[in-house]
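Read off the chains here:
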Amino acid sequence: MVTKKQTRPKAKTNKPIIVDFSEGFRDNFIEYGIHVITERALPKVEDGLKPVQRRSLYVFFINKAFSTAKTVKSGEIVGEVMGKYHPHGDTSIYEAIVNMAHSWNMFPLIKGKGNFGNIKGLSAAHSRYTEAKLSPYGDTFVSDLSNKIVPFVNNYSETRTEPTVLPAKLPFLLIAGTDGLAVGMSSNIPTHNPAEAINATIAYLKNPKITYDQLLKILPGPDFTGGGEIINKKDMADIYKNGFGKIVMRGRVEIEQNNIIVKEVPDTLMGRTDTLLNEIADLILKKKLPDAIKVEDFTNKNGIAITIKYKRGTNMKNAVNILFAKTKLQDTIRYNFLALSNNVPKVMPLKTYLQEYVAFQQKILKNKLKDEIDKKSTRLDFVNALLVAFPNIEVIVDIVRHAKSQQDMVNALTKGKITNIDWDLKKHATIASKFSFTEYQADKILSTPLKRLSRLDVLALEKEKNELEKQISINHDILNSKIKFKNLLIKQHEYYLNKLDLPKRKTEIKDVDIEKISIESKISDMFLTVDKFGYLKQTLEKQPDDALNVYRNVLKSNDQIGFFTSFGNFYKLKLEDIKQSNVKDKGDTLATLSGMDIKEHALIQNNGDVLSFEDINKNNPFIIQVSKLGLGKKVASKDFVSNRKKTVGTKLKDNDELIYSKILEKETSYLIFVSNNNKIKKISINDVNQYGKASNGSQLSKPYENDSIKSVYQAKSNKDIIMINDQKYKVGDFRVSKPNHVMKDI
């Protein structure tokens, strides 16, 4: 979104400057949000990197810290990144480098030396104690890096340039995944097996019309370095088709007599297995793991080994199920393939991602071939000049010795002008009069030492000339042939498939009918809040009052909630699918949880806007809906009870949007409409007709041209007080009118 910069009135002596604070705050917040989205939080679809990662790798490239070179002090890299390219603090830069260097990553781009943390959650040592360089994987990001291949722009201080994207040779975003929280949106892309991701790319290159069923045979789902199991295989096709969904993961356990040994954990616990250990220990202490005696951690560099000891005679199968149910050993991973495409956030199905990635690969390969043609053509130009110069070396020496100026030398070589030269031999002048070197050739000849010119190997030059002409011709053929161009891209990916030491799949994908266990603590009270920025959070503890919260409620953990959006959609969320947060956590955005469109916004201003399905079924038979064009209706609440995550909330006309959709409160007598141009209208609730959810409804209040409805109020009697533009009004101050009557001034 691009917003016009607000123009402020010019200051006059001793007079205040009047600025609409709400508009200024809104514009500034939008500008801030766009900056966070594009410059900090989300990766680009082309190279799969966030800005801090890209700039760090670029500094490794500048310092020639390739995988074959010596390591460089991490502090030196961090300082250069912060000082020249990323002025956002050294902590975030070093964290990015550490994360790219973790040995348990699927695709580590950096090779670290020193303490970079461990799988249990130990933090990395300070940057002054560690060293790093690019890994062989990291080399693939910078092997063709130049301003001829990818665009470069000025850095923040405009003192040097930096690449807007790196010429990555592999589908890194799919392989390494990402986790980014921006303003009002987040990206959650799990890791995939590198070999499977590359093979899926090759398959797409060969057949862009490949089906999802065919792709899933090559890329069946995410793959995690910690192993574990994905137990909802049946959902994978929909997840890849939609670009969002949920993945249910389990760790792997072994039963040995009265012990359960955790061998692998879900990806959410990688790098912090101590969290699981403490969670299990706390449950044992509180007697919430029946028959469990103690837990011990034998995790080491050879792998994870957390042992839970049970009493003799324990039903170990049931104990395993309880362990999955009560701990993070079974967890849900949010899949939301959100990335920047042309600097715009976009949720991408798998084929859309492959399409955009391949388009980027085609662009950089085309640039590379053209750059090679330019370089080889320049070299060929010079070789041709040397082949002509060598048999005429005495003529050239005569020109250099007797020309009156540098320009006379150039004119003799390029234009055959011989008048300003005192020749030793007339035949030299005759030969020189036929010279027609280019400016470039003349400059190279004149700058080449005489010693080198006299020792030229003509046979070697002829051989080089033939090879250059051959390579230039080959590159032109590739550029002019779609088939050859595509085959070269395929060959490039196959090269890395064979060259790089790629890990085998570790995560098993299957369908499991999760056994339902009657556990009293599974159904509990959940404290739910939604703030004005669309962040939803549920906790087991009561949350403190917060002015930013527009919705608060206490629901059961097996309940469902629903909300309407400006596009007229209705989204349903199960509380059991929403992760439990701590009181201090921010929570997840409604956009991430529901997968709604980026331009769509949820209608949440107070408790009546978020619907508990228990309330729908028991206490609230109707919902009132109004659009900005004044169309409205009464809809039966039961119409929105559905097993689908997204359903039609209401039908809308073109250029219209839903602005109000709330439960019809008991004893409501009037509806009051307020427009953006401060017009008002009050109608009887009896004039609101009931329609189905797929209907537009009827005209309840028609705003004037270039005006629209901005607020709707329900009132029980004329004594009710409503707030309009921060002023209190009695409902009785306004006359009741019919839906077809015009709106009046407030």
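Report on the accompanying structure. In this text, all values refer to a predicted model and were calculated from it rather than measured experimentally.

Observations regarding the overall build of the chain
Each helix and strand counted, the chain has 21 helices and 35 strands in total. The C-alpha radius of gyration of the chain comes to 35 Å, more than 25% above the 27 Å expected for a compact globule of 746 residues. Dimensions along the principal axes, computed over C-alpha positions, put the chain at roughly 115 × 80 × 55 Å. Sorting the 746 residues of the chain into buried and exposed places 48% on the buried side. Counting contacts in the chain only where the partners sit at least 6 residues apart, residues at least 24 apart contribute 68% of the total. For the chain, the accessible surface area stands at approximately 38,900 Å², while carbon and sulfur atoms represent 48% of it. Counting 117 positive and 87 negative side-chain charges, the chain places the centres of these two groups 1 Å from one another.

Overview of the nonpolar core
In this structure, Leu-57, Phe-107, Leu-109, Phe-141 and Tyr-353 are the most contacted members of the largest nonpolar core, which totals 84 residues. If one sorts the elements of this core by residue count, helix α12 (residues 350–389) sits on top with nine residues. Among the nonpolar cores identified, the runner-up in size contains 26 residues, and Trp-104, Val-262, Leu-269 and Ile-280 belong to it.

Details of the packing of aromatic side chains
Per the counting criterion, the structure on display carries 18 aromatic pairs. Judged by centre distance (6.1 Å) and plane angle (65°), the ring pair of Phe-61 and Phe-66 falls under edge-to-face. Judged by relative accessible area, Phe-61 falls into the partly exposed class, the value being 22%. Classification of Phe-66 by relative accessible area gives partly exposed; the value is 26%. Taken together, the ring pairs in this structure connect Tyr-58, Phe-61, Phe-66, Tyr-85 and Phe-152 into an aromatic cluster.

Considerations on the pattern of salt bridges
A complete count under the given rule lists 21 salt bridges for this structure. Two residues, Glu-508 and Arg-252, come together in a salt bridge whose shortest N-O distance is 3.3 Å. Pair noted here: Glu-508 is in strand β17 (residues 508–509) and Arg-252 is in strand β10 (residues 252–256), with a separation of 256 residues, a long-range link. Residue Glu-508 is classed as partly exposed on the basis of its relative accessible area of 34%. Between Glu-356 and Lys-346 there is a salt bridge, with its nearest N and O atoms 2.9 Å apart. Remark: Lys-346 occurs in strand β16 (residues 344–347) and Glu-356 occurs in helix α12; sequence separation between them is ten residues. With relative accessibility at 32%, the residue Lys-346 sits in the partly exposed group. If you follow the salt bridges from partner to partner, you end up with Glu-229, Arg-252, Glu-264, Glu-508 and Lys-510 in one network.

Some thoughts on the packing of helix α2 (residues 51–62) against helix α3 (residues 74–84)
Describing two packed helices takes the angle between their axes plus the distance from one axis to the other. One can describe the packing of α2 onto α3 by two numbers: an axis separation of 9 Å at closest approach and a directional angle of 115°. Crossing angle aside, the handedness with which α2 passes α3 is right-handed. Where α2 approaches α3, its residues Arg-55, Ser-56, Val-59, Phe-60 and Ile-62 are matched on the opposing element by Ile-77, Glu-80 and Val-81. Taken together, the residues that form the contact of α2 with α3 break down as five nonpolar, one polar and two charged.

Notes on the packing of α2 against helix α4 (residues 90–101)
For the pair α2 and α4, the least separation of the axes is 9 Å and the interaxial angle reads 80°. As the angle between them shows, α2 and α4 are arranged roughly perpendicular. Residue-level inspection shows Val-52, Gln-53, Ser-56, Leu-57 and Phe-60 of α2 in contact with α4, the latter providing Ser-92, Ile-93, Ala-96, Ile-97 and Met-100. Its residues assigned to classes, the contact of α2 with α4 shows seven nonpolar, three polar and no charged.

Topic: helix α16 (residues 439–447)
Among the residues making up α16, those that are buried are Gln-441, Ala-442 and Ile-445. One side of α16 carries all its buried residues, which in axial view fall inside an arc of 100°.

A short note on the environment of Val-530
Tracing the backbone through its elements, the reader meets Val-530 in strand β18 (residues 525–531). In this structure the C-alpha to C-alpha distance between Val-530 and Ile-683, which are 153 residues apart in sequence, comes to 31 Å. Once you skip the residues sitting within four places of it in the chain, Val-530 turns out to touch Tyr-535, Leu-536, Asn-549, Val-550, Tyr-551, Leu-590 and Ile-604.

Quick notes on the pairing of strand β32 (residues 709–715)
Successive side chains on a regular strand alternate, one facing one side of the sheet and the next facing the other. Taken across its seven residues, β32 has five buried, putting it largely inside the fold. Where strand β29 (residues 670–675) lies against β32, six bridges are found, and the strand directions are antiparallel. Its bridge partner being in β32, Leu-671 is matched across the sheet by Gln-714.

Concerning the environment of Tyr-670
Its location among the elements puts Tyr-670 in strand β29. When the C-alpha positions of Tyr-670 and Ile-685 are compared, they lie 5.0 Å apart, and in sequence the two are 15 residues distant. For Tyr-670, the residues in contact, after removing those within four places along its chain, are Lys-682, Ile-683, Ser-684, Ile-685, Tyr-713, Gln-714, Ala-715, Ser-717, Asn-718, Val-731 and Val-736.

A word on the side chain of Thr-565
Secondary-structure assignment places Thr-565 in the loop between β21 (560–564) and β22 (569–574). Sequence-distant contacts of Thr-565, defined by excluding residues within four places in its chain, comprise Tyr-571, Met-596, Glu-600, His-601, Ala-602, Leu-603 and Leu-658.

Re the sheet that holds β21
What the four strands build is an open sheet, ordered β24-β21-β22-β27; its pairing is antiparallel. Of all strands in the sheet, those with a lone pairing partner are β24 (610–612) and β27 (646–648), marking the two edges. Strand after strand, the sheet turns through a mean of 25° between neighbouring axes, direction not considered. Sheet topology note: the β22/β27 ladder contains three bridges and is antiparallel. Looking at β27, one finds that Tyr-571 is bridged to Lys-646.

A few points about the sheet that holds β18
Spatial ordering of the open sheet is given by β20-β18-β19-β23, a layout of four strands whose pairing is antiparallel. What marks the edges here is a single partner per strand, and that holds for β20 (549–556) and β23 (588–589). Note: β18 against β20, seven bridges, orientation antiparallel. Among the inter-strand pairings, Val-530 is bridged to a residue of β20, identified as Tyr-551.

Rules and cut-offs
Residues numbered from 1 in each chain as written. Predicted model: local features only at pLDDT ≥ 70, side-chain atom pairs only at ≥ 80, totals over all residues. Heavy atoms only, no water. Helix = DSSP H or I, 4+ residues; strand = E, 2+ residues; numbered from the N terminus. Rg over C-alpha atoms; globule rule 2.2 N^0.38 Å. Buried < 20%, exposed > 50% of the residue type's maximum accessible area, 1.4 Å probe, protein only. Contact = heavy atoms within 4.5 Å. Areas by Shrake-Rupley, 256 points an atom, 1.4 Å probe, with all protein chains shown as cover. Lys, Arg positive; Asp, Glu negative; His and termini not counted. Charge placed at Lys NZ, Arg CZ, Asp CG, Glu CD. Core = buried A, V, L, I, M, F, W, Y, C linked by side-chain atoms within 4.5 Å. Phe/Tyr/Trp six-rings, centres within 6.5 Å; stacked < 30°, edge-to-face > 60°. Salt bridge = Lys/Arg side-chain N within 4 Å of Asp/Glu carboxyl O. Axes fitted to C-alpha atoms, helices over the stretch in contact; angles between N-to-C directions. Left-handed = near helix turned anticlockwise from the far one by under 90°. Nonpolar A, V, L, I, M, F, W, Y, C, P; charged D, E, K, R; others polar. Parallel < 35°, antiparallel > 145°, perpendicular 65-115°, else oblique. Arc of directions from axis to C-beta. Pairing = 2+ DSSP bridges.

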